[in-house]
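# Close look at the chain arrangement
Single-letter residue listing:
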Amino acid sequence: MIGYYIHHHGSGHRMRASSICAALDTPVTALSSAPIAPGAPFADSVSLARDDRGSSPENPTADDALHWAPVHDVGLRTRMSRIASWVDETHPSLLVVDVSVEVAGFVRLLGVPVVVIAMPGERTDPAHHLGYRLADHIVAAWPQAMYDPEWLREFAHKTTFVGGISRFDGRAPAGGPDSARPRILVLSGAGGTAATLADVRRCAHRHRGYRWQALGVPGAPWVNDPWPELCGADVVVSDAGQNSVAEIAAARRPAIVIAQPRPFGEQEATADALARGGLAVTVPQWPELNRWPALLDQALALGGEHWVRWQTAGAATRAAAVIDSLAKRAESVT
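About the cut-offs
Residues numbered from 1 in each chain as written. Predicted model: local features only at pLDDT ≥ 70, side-chain atom pairs only at ≥ 80, totals over all residues. Heavy atoms only, no water. Helix = DSSP H or I, 4+ residues; strand = E, 2+ residues; numbered from the N terminus. Contact = heavy atoms within 4.5 Å. Phe/Tyr/Trp six-rings, centres within 6.5 Å; stacked < 30°, edge-to-face > 60°. Buried < 20%, exposed > 50% of the residue type's maximum accessible area, 1.4 Å probe, protein only. Domains from an automatic or database assignment. Buried area = accessible area lost by both parts, 1.4 Å probe. Salt bridge = Lys/Arg side-chain N within 4 Å of Asp/Glu carboxyl O. Expected span 1.5 Å × (residues − 1). Pairing = 2+ DSSP bridges. Right-handed = clockwise from strand over helix to strand, strands pointing away.

## Looking at the environment of Val200
- Following the sequence through the fold, Val200 ends up in helix 5 (residues 197-206).
- Between the C-alpha atoms of Val200 and Val186, which are 14 residues apart in sequence, the distance is 7.6 Å.
- For Val200, the contacting residues outside a window of four places in its chain are Val186, Trp212, Ala214 and Trp286.

Written out as structure tokens, the structure reads:
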């Protein structure tokens, strides 16, 4: 049995976990504060209490040694107790952590091998460094040739770069652009974006030579399966979240990527890698109205075929192969 801890923020962690676990041979129990969707590829799930509901958390970073461990927090105590009980009951081969330094450290102290999913950005703080040191293995869900941060090189001996993990890997294209007016899809994930439906409407009013559609941005519809819209777009405008980038890469669409503020410069690092690699047009914030035609022309000229270098094809399978191998190795010594 493998445990898989899934952070509750946004939907990207859950999507990535589902993609990886669908390719695993070893049964998986999901542990999360987020709801697990029916039909997800888990043998079982454990619902964990939230640890961020206190009105005034006390010393949550333990004097900067950790990221989130507030003193006397009932939710934190309950969730860690539940994890310990699950470990004692099931004797897992290992736990995959996506992501939490505290869960990784706690489970490793229980004697369970830990696989940590790396995150882009500047992860040089003491807590991240501790988590990566404690990890028995690290999985980086991006291609090393595109992004090889210096802070991760210390752990090169136990890191596997698998490429961008997308739930759409292997899915047949759902049509394609079919109009003389280029179709612009403005896409946002559940993690949030600074853009709004009003921003998109202003673009549509000013630049009538394009067809504009918004999904996921505040005020716009949300669809669980944006694949047809992705494939039908001439240009996708998106944040730089790992899930969003991998989905655009899988669809091979020209893109304008706008990094959103995230802890540790996560999205800025990804956007910088995309710009250096010539995979997408990147801008630091929602552009002024008069800039859009030039940016869209630039994205269309760049095209989408370069996205093959983000290595989404087979990425989840590569991650699963590493995890299965580590699980079997752990089982052989118990």
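Now that the structure has been shown, the text picks up again.
## So, the packing of aromatic side chains
- Evaluation of the coordinates by the stated rule reveals eight aromatic pairs.
- Ring centres 5.3 Å apart and planes at 25° place the aromatic pair Tyr132 and Trp151 in the stacked group. Residue Tyr132 is located in helix 4 (residues 126-134), and its partner Trp151 is located in the loop between strand 6 (137-140) and strand 7 (159-161); the two are separated by 19 residues in the primary sequence.
- On the accessibility criterion, Trp151 (10% relative accessible area) is buried.
- Among the aromatic residues, those joined into a ring-pair cluster are Tyr210, Trp212, Trp286 and Trp292.

## Let's talk about the domain arrangement of the protein chain
- Splitting the protein chain by domain gives domain 1 (2-165 + 314-332) and domain 2 (183-310).
- Placing the centre of domain 1 and that of domain 2 at their C-alpha centroids yields a distance of 28 Å.
- At the junction of the two partners, domain 1 supplies 23 residues and domain 2 supplies 19 residues.
- Around 1600 Å² of area is buried between domain 1 and domain 2 when both sides are counted, 61% of it from carbon and sulfur atoms.
- If you look at where domain 1 meets domain 2, you find one salt bridge.
- The salt bridge partner of Glu266 is Arg123, with a shortest N-O separation of 3.6 Å.

## Some points on helix 10 (residues 315-332)
- Over its 18 residues, helix 10 extends 26 Å from the first C-alpha to the last, a length consistent with the 26 Å expected when each residue adds 1.5 Å.
- Those residues of helix 10 that sit buried are Ala315, Ala316, Ala319, Ala320, Val322, Ile323, Asp324, Leu326, Ala327 and Ala330.
- Along its buried surface, helix 10 packs onto strand 1 (2-6), helix 1 (12-22), strand 4 (94-98), strand 5 (114-117), strand 6 and strand 7.

## Section: the pattern of salt bridges
- A full pass over the atoms with the stated rule returns 10 salt bridges.
- Counted as one network, the salt bridges with shared partners bring together Arg50, Asp52 and Arg53.

## Structural notes on the pairing of strand 1
- Of all the five residues making up strand 1, five are buried; the element is thus mostly covered by neighbouring parts of the structure.
- Covered by surrounding structure in strand 1 are Ile2, Tyr4 and Ile6 together with Gly3 and Tyr5, the residues of both alternating faces.
- In terms of strand pairing, strand 1 meets strand 2 (residues 28-32) through five bridges, oriented parallel. Across the sheet, Ile6 pairs through a bridge with Ser32, a residue of strand 2.
- Read as a crossover between parallel neighbours, the route from strand 1 over helix 1 to strand 2 is right-handed.

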